[in-house]
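Single-letter residue listing:
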Amino acid sequence: MKRPTIADIASRAGVSKVAVSYALNGQPGVSEATRARIIAIADEIGWRPNSAARALNGARANCVGLALCRPARVLGVEPFFMELISGIEDVLAERSYALLLQVVTGHRQEIELHRHWWGESRVDGAFLVDLHHSDPRVPEIERLGMPVVVIGHPSESGSLSAVWSDDGEAVRETVAYLVALGHRRVARVAGLPELVHTAVRDQAFADACAGVAEAVTVHTDYTGEEGARATRRLLSAPDRPTAIVYDNDIMAVAGLSVAQEMRVDVPRDLSIVAWDDSPLSQVVRPPLTALTRDIPAYGAHAAQRLLALIAGETVPPFQDWAARLTPRGSTAARPHA
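Reading the values: rules and limits
- Residues numbered from 1 in each chain as written.
- Predicted model: local features only at pLDDT ≥ 70, side-chain atom pairs only at ≥ 80, totals over all residues.
- Heavy atoms only, no water.
- Helix = DSSP H or I, 4+ residues; strand = E, 2+ residues; numbered from the N terminus.
- Contact = heavy atoms within 4.5 Å.
- Axes fitted to C-alpha atoms, helices over the stretch in contact; angles between N-to-C directions.
- Parallel < 35°, antiparallel > 145°, perpendicular 65-115°, else oblique.
- Left-handed = near helix turned anticlockwise from the far one by under 90°.
- Nonpolar A, V, L, I, M, F, W, Y, C, P; charged D, E, K, R; others polar.
- Core = buried A, V, L, I, M, F, W, Y, C linked by side-chain atoms within 4.5 Å.
- Buried < 20%, exposed > 50% of the residue type's maximum accessible area, 1.4 Å probe, protein only.

*Asks:* Let's hear about the environment of Ala-213: which residues, and what values?
*Replies:* Looking at the secondary structure, you find Ala-213 in the loop between helix H10 (196–209) and strand E7 (214–219). Sequence-wise, Ala-213 and Gly-182 are 31 residues apart; in three dimensions their C-alpha atoms are separated by 9.5 Å. What Ala-213 contacts, discounting residues up to four positions off in sequence, is Val-179, His-183, Arg-184 and Val-186.

Here is the structure:
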């Protein structure tokens, strides 16, 4: 079936295409009765304005974009982005906005995608995630003039508005807890080193451990496979850690499985902490001590600010609540402590 057109509406309503255009765009030139009849026919036959027409008349798309530079297979199992999107959707649905989600392979493709979205009026704004140091996307988006909210630390967001939480505070709380339990060799299985939030956690972890615990950080790609591989290397070392902090729950669950495979008792011989609490962290045995935050609320706060930007409001950076430690069965005091 072909897409309904203005000509189809005009034929059914018995008016000219110009009259249909006036009616659908809220312009004078037709009576209110005719306008109502035309709008009813448009709804009946499923007519929707195309992107080219929106670009010409300046109408809003009622849609915002989110590009993710992550393998699709990882997104399917990583709770963080699913919870973030659920929070975004809660706010967008209230305003009859849609979310256009696309997976990209790199920054260059993402920049071209934003140009495409904005140039064809496919979106009214977008979210930017996974900031890098000297991120090339930021100046390109600034040049576009597209409303964008960065979900990440404002240090690299340029003039773009940011929604963020203090990862350093969460790291410091976690290290202090583990040290209080008597742990003196603490490892961290981290995410991608080029990400701003990874660097923030790296520095906070090194600073928190200085003078109180031996610390080692291993960077991975956030996948369970890499998390498991890093855990095997750490637990095979002669001076293996007595506690490991993981940068996401997928890697923490994989690390727990490796510890059990190597007959390292959790929590007697090894304490495990997962970043970003989720049902995954709670259904394993022992349930994982985790850094808990309201991720749907985080997404909702970002969506509220993006819609405010689209409406022409000034939106300053917003610091959300930092993650808080939720102790469970995967952490315990060292026997000698």
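From this point on, the discussion continues.
*Asks:* Could you give an account of the packing of helix H6 (residues 79–94) against helix H14 (residues 295–310), with specific residues and numbers?
*Replies:* Remark: H6 packs on H14, axes separated minimally by 7 Å, with the N-to-C direction vectors making an angle of 45°. The orientation of H6 with respect to H14, classified from their angle, is oblique. As for how H6 packs across H14, the hand of that crossing is right-handed. Taking contact as the criterion, the partners of Phe-80, Glu-83, Leu-84, Ser-86, Gly-87, Ile-88, Val-91 and Leu-92 in H6 are, on H14, Ile-295, Pro-296, Tyr-298, Gly-299, Ala-300, Ala-303, Gln-304 and Leu-307. When the residues that make up the contact of H6 with H14 are grouped by side-chain class, the tally is eleven nonpolar, four polar and one charged.

*Asks:* So what's going on with the nonpolar core? Residues and values would help.
*Replies:* Formed by 27 residues in total, the largest nonpolar core has its most connected members in Val-64, Leu-84, Leu-99 and Phe-127. For this core, the elements supplying multiple residues, two or more each, are strand E1 (63–68), H6, strand E3 (125–129), strand E4 (148–151), strand E5 (161–164) and H14. Of the residues forming this core, the biggest block, eight residues, is contributed by H14. Excluding residues that lie within four positions of it along the chain, Leu-84 makes contacts with Ile-151, Ile-295, Tyr-298 and Gly-299. In this structure, Ala-187, Leu-195, Val-264 and Ile-272 belong to the second largest nonpolar core, which totals 22 residues.

Geometric descriptors of this kind do not, in isolation, establish any biological role.
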